[in-house]
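Chain residues, written in single-letter form:
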Amino acid sequence: MESMLNIGTLENDALREVAIYCDNHIALIENLHSVEYEKAVRSDAFIMTLCLEGSGTVYIDGTLHTVRANELLLFRPGIVIERGSISEHNKYRCVVLSREYIRQMFLVSNSSWDVLQFLREKPVLPLTEDEVLIFSKYYDLIRTKATLPRRHNHREVLDALVYAFVCEFRDTVERFVQIKPPVYSAGERLFKNFLEVLGSSFPKDRTVMSYADRLHITPKYLSSICKEFSGKTASDLIDESVLKDIRYMLERSDKSIKEIANELNFPNISFFGKYVKKHTGMSPKQYRENLKQKEA
């Protein structure tokens with residue numbers, strides 16, 4: 001389907017060549033127009049991109065988004081990114097944080113289901129002048145510290161700066177969506193672990209049992225936890241995630257329906273067709289034809 005963008009393996013990635021700074025945890029990029037990748041990549045990092053001048057476009061999970069001056073574009077781990085139009089005259093500041101880095105710094109605990117849902121629908125946030133100024137100053141400070149010769153406490157100071165930067169980002173997001181106070185319950189940690197496993201899997205298992213086994217719990221308990229924190233069952237969330245991959249490949253890929261069924265790990269094309277028909281009301285072929293008619 002696409003190559004995996006993983007900041008932990010940037011030694012062999014084109015991003016490493018254009019990053020001003022890059023280690024196993026964080027990358028800083030400014031000349032986004034120089035970033036080259038074929039077709040699409042699946043991001044395994046959290047990416048914050050501030051547009052300072054001009055405008056550009058990018059496809060996120062097959063949907064075209066435009067980012068303009070003083071707007072912040074957010075990429076969550078697990079999404080599919082396709083290049084749109086980015087001019088060399090545009091001015092960006094991009095901070096990339098690996099999934100593992102966020103986990104180690106306990107920043108994941110400040111995220112909630114509401115925030116993830118919001119960013120899925122609205123990955124572009126308009127910032128105030130003060131917020132742009134704060135983002136830019138943090139970026140410049142992190143960039144300066146990261147690129148200066150290392151001292152004894154280099155990692156500790158850099159981590160502290162990044163932590164403060166993400167806390168500022170959290171305050172910015174609170175203007176757009178209400179963030180519930182973090183609850184450090186076993187159920188919430190389990191729910192977040194499930195979302196992480198589900199979002200990072202490709203192709204995705206389609207049974208609750210498979211995810212319950214990986215989390216060492218019963219399917220019934222997993223569904224009850226999902227219902228408590230999202231209002232949806234585990235099966236509902238799995239179907240939504242699987243359908244996102246199906247829709248993307250039917251819309252954006254030129255592969256045959258049989259090839260797509262095989263790549264998404266369906267036992268045969270008949271089973272794949274029934275699954276798509278059940279959840280979309282159309283066969284895979286009808287879905288594609290309907291899309292072409294809308295584009296015509």
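Residues numbered from 1 in each chain as written. Predicted model: local features only at pLDDT ≥ 70, side-chain atom pairs only at ≥ 80, totals over all residues. Heavy atoms only, no water.

1. Observations regarding the overall build of the protein chain
Definition in use: Counting from the N terminus, the helices are the DSSP runs of H or I reaching at least four residues and the strands are the DSSP runs of E reaching at least two. Partly exposed residues are those whose accessible area sits between 20% and 50% of the maximum for their type, while under 20% is buried and over 50% is exposed, using a 1.4 Å probe and protein chains only. By definition in these notes, contact holds between two residues if any of their heavy atoms fall within 4.5 Å. Surface exposure here means Shrake-Rupley accessible area, sampled with a 1.4 Å probe, where a residue is shielded only by the protein chains that are shown.
For the protein chain, the count of helices and strands is 12 helices and 11 strands. Counting over 296 residues, the protein chain shows a buried share of 47%. For the protein chain, the share of sequence-separated contacts (at least 6 apart) that also reach a separation of at least 24 residues comes to 69%. Per element, the accessible surface of the protein chain, about 15,500 Å² overall, is 51% carbon and sulfur.

2. Structural notes on the sheet that holds strand β5 (residues 45–53)
Filter applied, for reference: For two strands to pair, DSSP has to find at least two bridges joining them. Angles shown run from 0 to 180 degrees and are taken between the N-to-C directions of axes, each axis being a line fitted to C-alpha atoms and, for helices, limited to the stretch in contact.
Strands sit in the order β2-β3-β10-β5-β8-β11 across an open sheet of six strands; the sheet is antiparallel. Two strands lie at the open edges of the sheet, namely β2 (19–22) and β11 (124–126), each paired on one side alone. Taking the axes of each pair of neighbouring strands and ignoring which way they run, one obtains an average angle of 15° across the sheet. Bridge count between strand β3 (residues 26–29) and strand β10 (residues 91–98): four bridges; the pairing is antiparallel. Each residue of the ladder has a partner; that of Ile26, found in β10, is Leu97. Docked against the sheet, helix α4 (residues 129–147) engages β2, β3, β5, β8 (71–75), β10 and β11, running at close to 115° with respect to β5.

3. Observations regarding the confidence of the model for the protein chain
The criterion, for reference: Scored between 0 and 100, pLDDT is the confidence that the predictor attaches to each residue.
Across the protein chain, the average pLDDT comes to 83, with 83% of residues at or above 70. pLDDT under 50 marks residues 7–12. Its contacts with residues more than four places away, or in other chains, come to 15 contacts.

4. Things to note about the pairing of β5
Most of β5 sits inside the fold, with eight of its nine residues counted as buried. Looking at chain direction, β5 and β8 are connected through five bridges and run antiparallel. Its bridge partner lying in β8, Leu50 is registered against Leu72.

5. Overview of the nonpolar core
What counts here: Here the nonpolar core consists of buried residues drawn from Ala, Val, Leu, Ile, Met, Phe, Trp, Tyr and Cys, with membership extended through side-chain atoms lying within 4.5 Å.
Phe194, Leu222, Ile246, Phe266 and Phe272 are the most contacted members of the largest nonpolar core, which has 34 residues in total. Breaking this core down by element, the ones donating at least two residues are α6 (186–200), α7 (208–215), α8 (219–230), α9 (234–252), α10 (257–263) and α11 (269–280). Ranked by residues supplied to this core, first place goes to α9 with nine residues. If we skip the residues at most four places from it in the chain, Ile246 touches Leu264, Phe266, Phe272, Tyr275 and Val276. Of all hydrophobic cores here, the second largest spans 31 residues; its members include Leu52, Ala146, Phe169 and Val177.

6. Observations concerning the pattern of salt bridges
Defined as follows: For this document, the term salt bridge refers to a Lys or Arg side-chain nitrogen within 4 Å of an Asp or Glu carboxyl oxygen.
Counted under the stated rule, the structure contains 11 salt bridges. In this structure, Arg143 and Glu30 form a salt bridge, with 3.1 Å as the shortest nitrogen-oxygen distance. In this pair, Arg143 sits in helix α4 while Glu30 sits in the loop between β3 and β4 (40–43), placing the two residues 113 residues apart along the sequence. Two residues, Arg175 and Glu131, come together in a salt bridge whose shortest N-O distance is 2.7 Å. Within this pair, whereas Arg175 is found in the loop between α5 (154–173) and α6, its partner Glu131 is found in helix α4, the two being separated by 44 residues in sequence. For Glu131, a relative accessible area of 14% puts it in the buried group. Within the structure, one salt-bridge network assembled from shared partners comprises Asp23, Arg155 and Asp159.

7. Here's the deal with the packing of α9 against α11
Keep this limit in mind: In this scheme, roughly parallel covers angles under 35 degrees and roughly antiparallel covers those over 145, while 65 to 115 is roughly perpendicular and the rest are oblique. Three categories are distinguished: nonpolar for Ala, Val, Leu, Ile, Met, Phe, Trp, Tyr, Cys and Pro, charged for Asp, Glu, Lys and Arg, and polar for the others, with Gly belonging to the last.
Viewed as axis vectors pointing N to C, α9 and α11 meet at an angle of 110°, and their least axial separation amounts to 11 Å. The angle between α9 and α11 falls in the class roughly perpendicular. Facing Asp239, Val242, Leu243, Ile246 and Arg247 of α9, the residues of α11 in contact are Phe272, Tyr275, Val276, His279 and Thr280. Here the contact of α9 with α11 is built from residues that sort into six nonpolar, two polar and two charged.

8. A closer look at the packing of α6 against α9
Basically, it comes down to this: Here a crossing is taken to be left-handed if its near helix is turned anticlockwise relative to the far helix by less than a right angle, and right-handed if that turn runs clockwise.
For the pair α6 and α9, the least separation of the axes is 11 Å and the interaxial angle reads 25°. On the basis of the axis angle, α6 is roughly parallel to α9. Both α6 and α9 take part in a crossing whose hand is right-handed. Contacts from Phe191, Phe194 and Leu198 in α6 reach Ala234, Leu237, Ile238 and Ser241 in α9. Among the residues forming the contact of α6 with α9, the class breakdown is six nonpolar, one polar and no charged.

9. Brief notes about the packing of aromatic side chains
Note the following rule: Ring geometry is summarised as follows: Phe, Tyr and Trp rings, the Trp one being its six-membered ring, pair when their centres sit within 6.5 Å, and such pairs are stacked at plane angles under 30 degrees, edge-to-face over 60 and tilted between the two. Over a ring means this: the NZ of a Lys or the CZ of an Arg is within 6 Å of the ring centre and within 35 degrees of the ring normal.
One pass over the full model with this rule turns up eight aromatic pairs. Connected via pairs of aromatic rings, a cluster forms that spans Phe266, Phe271, Phe272 and Tyr275. The aromatic ring of Phe266 is capped on one face by Arg206, whose charged end is 3.7 Å from the ring centroid.

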